[in-house]
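Descriptive analysis of the structure
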Amino acid sequence: MCGMYFIENEFTRLSWDADGNLLEMRNRKSGRSRVRSHRLFRLILERPGLLEFEVFPAGGCRIETADGRARLSFEEVADEEGTRYRIPTAVTAVLEEEDVRWEIEVENRTEETVIRETHCPLLSFDDAEGSPALISSENISTRYENLRRTLFGSFSAYMAPDHKYIRKIGTYPGMSLSMNFSVLDYGTEGLYLGCHDPEFFMTTHGFELEKGERVNAFIARFPFAKSGEKSADRTVVTSVYSGNWFRATRKYRKWADSWYTPVTMPEHVRSSLGWQRVIMHHQYGEYFFHYKDLPRILEHGKAAGIDTIFLFGWTREGMDAGYPQYTADPESGGLEELRKNILKVRRNGGHVILYFNGQLIDTSSDFYRKGNGQKISVKRPDGTEHREFYNFSSTGTLIRQFGNKTFTLACPSSEEWLGILKDHVDFAWEAGADGVFFDQLGYTRCMCADPSHGHPVPFVGIMNCRRESLKKLYEYVKSKSPEFALGVEYPVDLEAPFCDFVHIWGNTAQVWNPDFRERGTRPELKNQAHLFRAAFPEVYLSDRDIRDDRDVVFPVNMAAFWGVRSDVEIYRCRADLSAAPVYRAYLGKANRLRNRYRELLINGTFAGQELHSVDHPLVLSNGFTAGDRLAVILTQSSAESLETHVSAPGFELQEFDSIRGDVIRRGERFLLPRDAFAVLIYKKISLNTNRRMEE
């Protein structure tokens, strides 16, 4: 075709017109191209008096193609009024087997303009055959079944120009995304959108409805290139692939193996089925427990297979108060009483993990008022401190509405702050605890803009800095003992090599259709394509949000279904399991089954539906492998009873069991009552076994 330029290999074909518009991104195995003609990139600029405006390629495009590589060069860009800016921009696409690596280079030859963002590649989709599902690592993993419909529900009210773009965005790392890739899933094939940045700089994955019509996707990077500066980014990777979403997780993990090494967990962490998370003394002064209650809390947990206490609010200052000061509470007997009861728990076969916050500074603390709290705090672009508020209350209304405590955040670039966290480790070690937990270390609220800290402004590498700080903290913890544990809140992959467990904030049992039982339909799990478990099966994750006896069976089943540990938080950590007898009884049954098949269900490798299939649409199934064994989980909560056939080619069924003993086997078919949870154990059929069967 005249005026068309292309590169291709056996997997992928890309083509452009003479103006540099991307015309085609074709999966040569299926023959399909999902994209339609659109400009290849946009830049977000800043000039005096206008913080953000967009520009696109302008003028002629020079296109060079050779050996699976295309380079498109533009001398200028223009805004929507046609004003041109001298910002030479070059975009290069490089075919690497099934993947395409994108490079964007910009040079700022303007006088007063800053290049804030690059959106490249900017892909526009033809969804005439149906809109794809969007799978992201938001809240660990979230699947949006219809991208176009999701975008129509993403209006910003009056916060953004929705008449231009209705957007859904997620930012990595530590803002909303736990991994730096997203997937557009078409069922039998998909599009991988990844950023392989070894420096872990801030990255936004954007999906938009352009002027109410076009569905677009882009990856935003933040060069902040000033006048006279150049910037080059070579981190973005896309791939049109055949197969299910598991293919995308393997692409990401293959890259992650360049920096990720799984930790060797302490044995008490590896063998744990979870913890009871309890608050002793709250921010507003109320006591729920004292140190002498620790042995009793353990016994209530052990009845349900929970051997660990996750101890919050154990200080005189109370939960979320006084940070970074943590004083053993004299009302409970002080440090000696704390140590004595921690050791009682350990002698009785239990474990205690002490809570500390990894970034909050109480603005009423001496460290803030008289120390360096104000100096090391995170600053916003306007120079003011970033502030946060946690309005915990009792039965009144005033504190809940108007607050009690104000916090700022410590910038992770501060060596003084790292020293304070190490002091907390020393305290926990001296108190006899089995480990330490640092809250909020897996996420950040903003990019620090304080130039006095010695880091770039804005600090797009703030989470990489935190990763380096966490690495030092992890090494310090392990210098005490390899069995001394370190945990963090919120899963983000870059921190996984430097923590033993993760207390999640995210999806485990959440559904899009909470009326699925009444309607007799399949539960639409928000994380039904669990990207994080598939990409990083070694990471110890918890569940969250089971707080009483009101809804127990389905959430417990889902924790076991995904192979995560239990975070028991009765009445939002104000009581222990004795206050939730229904939960305790069912969790105990579930944990007896999980303990029996621990090496598969807890410590095995997540396999999803890769090695098995079921034939009933209402049945949820999952798989885990260890050596030559496969565990298949079956559960359903939609019908009074149903029967399904299970197929696991290359494997032979050895045994099965269920939480309530209510699942019936009929050959390769299984009868499942409502809320049943079954585990089927298969062994791989050896070559010799196959030969004997053939004979």
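Re the sheet that holds strand 37 (residues 651–658)
If you walk across this open sheet you meet the 5 strands as 32-34-35-40-37, and the pairing is antiparallel. What marks the edges here is a single partner per strand, and that holds for strand 32 (605–606) and strand 37. Inspection of the sheet shows strand 37 paired to strand 40 (residues 676–684) by 7 bridges, in the antiparallel sense. The partner of F656 across the bridge, within strand 40, is L680. Against the sheet, helix 14 (residues 581–596) touches strand 37 and strand 40, its axis set at about 150° to strand 37.

Quick word on the packing of helix 4 (residues 294–302) against helix 5 (residues 334–347)
Between two packed helices, the angle of one axis relative to the other and the distance separating the axes together describe the packing. Two elements in contact, helix 4 and helix 5, have axes separated by 8 Å at closest approach and are oriented at 30°. By the angle class used here, helix 4 and helix 5 are roughly parallel. With respect to the hand of their crossing, helix 4 and helix 5 are arranged in right-handed fashion. Every residue of helix 5 that contacts helix 4 at L294, P295 and L298 is listed here: N341, I342, K344 and V345.

Some details on the pattern of salt bridges
One pass over the full model with this rule turns up 64 salt bridges. Two residues, K164 and E80, come together in a salt bridge whose shortest N-O distance is 3.0 Å. Here E80 lies in the loop between strand 8 (69–78) and strand 9 (84–85) and K164 lies in the loop between helix 1 (147–152) and strand 16 (165–172), a separation of 84 residues in the sequence. Overall, the relative accessible area of 26% leaves K164 in the partly exposed class. For E80, a relative accessible area of 55% gives the class exposed. Salt-bridge contacts for R143 lead to E145; the nearest nitrogen and oxygen are separated by 2.9 Å.

Section: the packing of helix 9 (residues 415–430) against helix 10 (residues 462–480)
Close contact between helix 9 and helix 10 brings their axes to 10 Å; oriented N to C, the two are set at 25°. One finds that helix 9 runs roughly parallel with respect to helix 10. Read as a crossing pair, helix 9 and helix 10 show a hand that is right-handed. Two secondary-structure elements touch here, helix 9 through E415, L418, L421, K422, V425, D426 and W429 and helix 10 through S469, K472, L473, Y476, V477 and K480. For the contact of helix 9 with helix 10, the class distribution of residues is 7 nonpolar, 1 polar and 5 charged.

Concerning helix 14
Given a rise of 1.5 Å per residue, 16 residues ought to cover 22 Å, and the 23 Å separating the end C-alpha atoms of helix 14 matches this to within 8%. Those residues of helix 14 not exposed but buried are Y583, Y586, L587, G588, A590, N591, L593 and R594. Looking at the buried residues of helix 14, the elements they touch are helix 13 (553–562), strand 31 (566–568), helix 15 (598–601), strand 37 and strand 40.

What to know about the packing of aromatic side chains
Inspection of the entire model under this criterion finds 44 aromatic pairs. Pairing W275 with Y540 gives two aromatic rings, centres 6.0 Å apart and planes at 5°, and the pair type is stacked. With W275 in strand 22 (residues 274–279) and Y540 in the loop between helix 12 (531–535) and helix 13, this pair connects stretches of sequence that are 265 residues apart. Y540 carries the same exposure label as W275, and that label is buried. Ring centres of F516 and F554 lie 5.3 Å apart, and the angle between their planes is 50°; this geometry places the pair in the tilted category. Of this pair, F516 sits in helix 11 (residues 516–519) while F554 sits in helix 13; the two residues are 38 residues apart in sequence, bridging distant segments of the chain. The class of F554 is buried, set by a relative accessible area of 5%.

Regarding the nonpolar core
The biggest cluster of nonpolar side chains holds 154 residues, and the ones touching the most others in it are L311, W314, F536 and Y583. The contact partners of Y583, leaving out residues within four places of it in the chain, are I546, D548, D549, V552, V556, D567, V568, I570 and L577. The next biggest cluster of nonpolar side chains, apart from the first, holds 48 residues, and it includes V55, C120, F125 and V236.

Notes on the pairing of strand 10 (residues 89–96)
With 7 of its 8 residues buried, strand 10 lies for the most part within the structure. In this structure, strand 8 lies alongside strand 10, joined through 6 bridges in antiparallel fashion. Residue R71 lies in a different strand from strand 10, and its bridge partner there is T92. Two elements, strand 10 and strand 11 (residues 99–107), share 8 bridges in a ladder whose sense is antiparallel. Across the sheet, the residue bridging to L95 is V100, located in strand 11. Hairpin geometry of strand 10 and strand 11 is characterised by an intervening segment of 2 residues between the two adjacent antiparallel strands and by a positive phi of about 55° at E97.

About the thresholds
- Residues numbered from 1 in each chain as written.
- Predicted model: local features only at pLDDT ≥ 70, side-chain atom pairs only at ≥ 80, totals over all residues.
- Heavy atoms only, no water.
- Pairing = 2+ DSSP bridges.
- Helix = DSSP H or I, 4+ residues; strand = E, 2+ residues; numbered from the N terminus.
- Contact = heavy atoms within 4.5 Å.
- Axes fitted to C-alpha atoms, helices over the stretch in contact; angles between N-to-C directions.
- Parallel < 35°, antiparallel > 145°, perpendicular 65-115°, else oblique.
- Left-handed = near helix turned anticlockwise from the far one by under 90°.
- Salt bridge = Lys/Arg side-chain N within 4 Å of Asp/Glu carboxyl O.
- Buried < 20%, exposed > 50% of the residue type's maximum accessible area, 1.4 Å probe, protein only.
- Nonpolar A, V, L, I, M, F, W, Y, C, P; charged D, E, K, R; others polar.
- Expected span 1.5 Å × (residues − 1).
- Phe/Tyr/Trp six-rings, centres within 6.5 Å; stacked < 30°, edge-to-face > 60°.
- Core = buried A, V, L, I, M, F, W, Y, C linked by side-chain atoms within 4.5 Å.

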